[in-house]
Amino acid sequence: MKLRSKIASGVLIVLLLSLTVCCSIIISVSKRNILDRMVDATKLEVDKLADNLQPDRFGIEDVKEKLTEKSMLKYYFFQQTQYSDADTEYVLLSENETIYNNSGLNTAEILELDNKYETVYQTVHLYENDYIVAGKKIAIGTRLCQLYVVRNITGVFHQIHQLVGVCILTALLVSVIAGICILLFLKIAFHPLEQLKEEADAISEGEYRHRISIRGKDELASLSHSFNKMAESVERHIKEVETTSEARNRMIHALSHEMRTPVTADMLTHCAP
């Protein structure tokens with residue numbers, strides 16, 4: 001694997017990890033904020049509904065017959081909740097008796113209310129759905145009732161899951177684009193190294209006049225300058241060696257010629273009559 005590929009791979013891994021951490025933090029904070037807002041809204045609705053269920057609002061304290069009292073309470077409770085949104089349902093219990101329940105859930109088992117008249121809540125996952133159940137105890141006439149608001153937040157979690165998918169796709173797309181840009185940038189940045197390799201190969205084959213064009217003032221430009229100086233030194237040294245070798249060859253040739261000439265003259269003298 002080439003150096004620029006290793007660098008690009010390392011940068012992409014760091015980028016993916018950074019994007020994953022950032023997306024996880026954003027999704028976690030967003031999920032927490034959304035749930036907090038929905039919990040606050042549900043608890044506020046419980047408090048408002050409890051205020052509207054005071055006996056003086058509909059004269060239930062004057063009713064003596066128990067059945068009539070229950071019927072009036074159920075009717076008035078329905079009037080207060082009939083215009084709620086589709087994801088919100090209500091439960092009103094009087095001791096062990098169910099006055100009203102359109103949620104289909106056993107809220108008394110899901111959320112136990114203490115003796116204090118304080119609003120409490122619980123998030124649960126039931127029947128493949130997610131709910132916020134908030135409730136409090138209230139006194140309506142002679143009755144001690146338990147009031148619950150049930151909000152289906154399955155759609156909210158579905159939106160959060162969609163957000164996770166969008167973040168994953170965005171991270172992958174950003175990584176692909178960043179990877180292409182990094183590879184192009186590294187290819188341009190490492191071009192002097194490619195030239196260094198080519199020039200080194202040329203010098204190894206005896207071509208000592210090649211030089212690298214220097215651009216910029218970065219580390220690679222400094223390295224290219226040092227390489228050119230080395231190439232000049234090598235070329236100068238080779239020329240000196242060649243010059244010395246030629247001089248040595250001429251000297252050897254002259255000595256050989258001088259040594260052969262007397263010998264030839266002596267041989268001709270001895271051979272003469």
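Residues numbered from 1 in each chain as written. Predicted model: local features only at pLDDT ≥ 70, side-chain atom pairs only at ≥ 80, totals over all residues. Heavy atoms only, no water.

Another aspect to go through is the pairing of strand β5 (residues 143-152). Within β5, eight of the 10 residues are buried, which leaves the element mostly enclosed by the surrounding structure. Pairing geometry for strand β1 (residues 88-94) and β5, over seven bridges, is antiparallel. Paired with Ser-94 across the strands is Cys-145, a residue of β5. Following strand β4 (residues 129-140), the chain reverses through two residues before pairing antiparallel with β5; Gly-141 in that reversal takes a positive phi of roughly 65°. (Buried < 20%, exposed > 50% of the residue type's maximum accessible area, 1.4 Å probe, protein only. Helix = DSSP H or I, 4+ residues; strand = E, 2+ residues; numbered from the N terminus. Pairing = 2+ DSSP bridges.)

Moving on to the sheet that holds β5. With antiparallel pairing, five strands are arranged side by side in an open sheet as β2-β1-β5-β4-β3. Where the open sheet ends on each side, the last strands, each with one partner, are β2 (97-101) and β3 (120-126). Sheet twist, expressed as the average angle between the axes of neighbouring strands with direction ignored, equals 25°. Across seven bridges, β3 lies against β4 in antiparallel orientation. Its bridge partner lying in β4, Tyr-121 is registered against Ala-134. (Axes fitted to C-alpha atoms, helices over the stretch in contact; angles between N-to-C directions.)

Turning next to the confidence of the model for the chain. A low pLDDT means the predicted coordinates there should not be read in detail. Averaged over every residue, the pLDDT of the chain is 78; residues scoring 70 or more account for 82%. Of all secondary-structure elements in the chain, the lowest mean pLDDT belongs to helix α6 (residues 219-271), at 70, while β1 reaches the highest, 89. (pLDDT = per-residue confidence, 0-100.)

So, on to the pattern of salt bridges. This model, assessed by the stated rule, comprises three salt bridges. Residue Arg-32 pairs with Asp-36 through a salt bridge whose shortest N-O separation is 3.1 Å. Placement of the pair is Arg-32 and Asp-36 together in helix α1 (residues 3-52), with a separation of four residues, close to one helical turn. A relative accessible area of 43% means that Arg-32 is categorised as partly exposed. On the basis of relative accessibility, which here comes to 32%, the residue Asp-36 falls in the partly exposed class. Close ionic contact of Asp-47 with Lys-136 constitutes a salt bridge, the shortest N to O distance being 3.4 Å. Taken as a pair, Asp-47 in helix α1 and Lys-136 in strand β4 lie far apart in primary sequence, 89 residues in all. With relative accessibility at 26%, the residue Asp-47 sits in the partly exposed group. Looking at Lys-136, the relative accessible area reads 13%, which means it is buried. (Salt bridge = Lys/Arg side-chain N within 4 Å of Asp/Glu carboxyl O.)

Moving on: a nonpolar patch on the surface. Residues Leu-16, Ile-168, Leu-169 and Leu-172 make up a contiguous nonpolar surface patch of roughly 380 Å² in combined accessible area. Ranked by residues supplied to the nonpolar patch, first place goes to helix α4 (residues 154-189) with three residues. Of note, Leu-169 is situated in helix α4. Residue classification places Leu-169 among the exposed positions, given a relative accessible area of 60%. (Patch = residues over 30% accessible without salt bridge, like charges linked within 9 Å, V, L, I, M, F, W, Y side chains within 5 Å. Areas by Shrake-Rupley, 256 points an atom, 1.4 Å probe, with all protein chains shown as cover.)

This part covers the packing of aromatic side chains. Inspection of every chain in the model, using the stated rule, returns three aromatic pairs. An aromatic cluster is defined as three or more aromatic residues linked by ring pairs; in this entry it consists of Phe-77, Phe-78, Tyr-90 and Tyr-100. (Phe/Tyr/Trp six-rings, centres within 6.5 Å; stacked < 30°, edge-to-face > 60°.)

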